[in-house]
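Each chain is listed here by its residues.
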Amino acid sequence: MSAVAETALRIVVEVLAGTRPPHQLSLVAVPAVCRGLAPHRRAVPDGRRIVPPRVLSSRLQRPSHTIAETSAVVVMAGRVHAVALRLQHLRGRWRCTAVETTAP
């Protein structure tokens, strides 16, 4: 489970930071999450170097056997932010069903 949570967290953070295209969220998230995160994606000016985001720390909790929640402290564009994901086991796959973040 932890590998799934780490992958989902990485994809979400990279989309928010602008280093990954938003359509790749569909690999780990339900459509509502994909639509909800698209407007939050950072615009990266042309010709500027993109600094990849870094996960400083993360935690994983399992409130039930079909739900997992992960939270992380990340650095994006030189600023520290919190990111939290809710993962649910739906139709045989773990999918991100909710995201909360302090990132703009």
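Residues numbered from 1 in each chain as written. Predicted model: local features only at pLDDT ≥ 70, side-chain atom pairs only at ≥ 80, totals over all residues. Heavy atoms only, no water.

- The protein is annotated in an unreviewed UniProt entry as Secreted protein of Actinomadura violacea.

1. Observations concerning the pairing of strand β1 (residues 54–64)
Then, number 1: Pairing geometry for β1 and strand β2 (residues 67–76), over eight bridges, is antiparallel. Among the inter-strand pairings, S58 is bridged to a residue of β2, identified as A72.
Then, number 2: The hairpin formed by β1 and β2 contains two residues between the paired strands. (Pairing = 2+ DSSP bridges. Helix = DSSP H or I, 4+ residues; strand = E, 2+ residues; numbered from the N terminus.)

2. Description of the nonpolar core
Then, number 1: Judged by nonpolar contacts, the single largest core of 26 residues is most densely connected at V12, L25, M76, V83, L85 and L87.
Then, number 2: Those elements giving two or more residues to this core turn out to be α1 (2–17), α2 (31–37), β2, β3 (79–90) and β4 (93–101).
Then, number 3: With nine residues, the top contributor of residues to this core is α1.
Then, number 4: Setting aside anything within four residues of it in sequence, one finds V83 in contact with L9, V12, V13, T70, S71, A72, V74, E100 and T101. (Core = buried A, V, L, I, M, F, W, Y, C linked by side-chain atoms within 4.5 Å. Buried < 20%, exposed > 50% of the residue type's maximum accessible area, 1.4 Å probe, protein only. Contact = heavy atoms within 4.5 Å.)

3. Considerations on the pattern of salt bridges
Then, number 1: Evaluated as defined, the whole model comprises three salt bridges.
Then, number 2: Among the ionic pairs, E14 bridges to R10, the shortest N-O distance being 3.9 Å. With a gap of four residues between them, E14 and R10 both fall in helix α1, about one helical turn apart.
Then, number 3: For E14, a relative accessible area of 19% translates into the label buried.
Then, number 4: You can call R10 partly exposed: its relative accessible area is 40%. (Salt bridge = Lys/Arg side-chain N within 4 Å of Asp/Glu carboxyl O.)

4. A closer look at the sheet that holds β1
Then, number 1: Taking strand neighbours across the sheet as the criterion, the four strands line up as β1-β2-β3-β4 in an open arrangement whose pairing is antiparallel. Edge positions in the sheet fall to β1 and β4, since each has one partner strand and no second. Between one strand axis and the next, the sheet turns by 20° as a mean value, whatever way the strands run.
Then, number 2: Sheet topology places β3 next to β4; eight bridges connect them, and they run antiparallel. Residue pairing across strands places V83 opposite T101, the latter belonging to β4.
Then, number 3: On the sheet, α1 packs against β1, β2, β3 and β4 and is oriented at approximately 130° with respect to β3. (Axes fitted to C-alpha atoms, helices over the stretch in contact; angles between N-to-C directions.)

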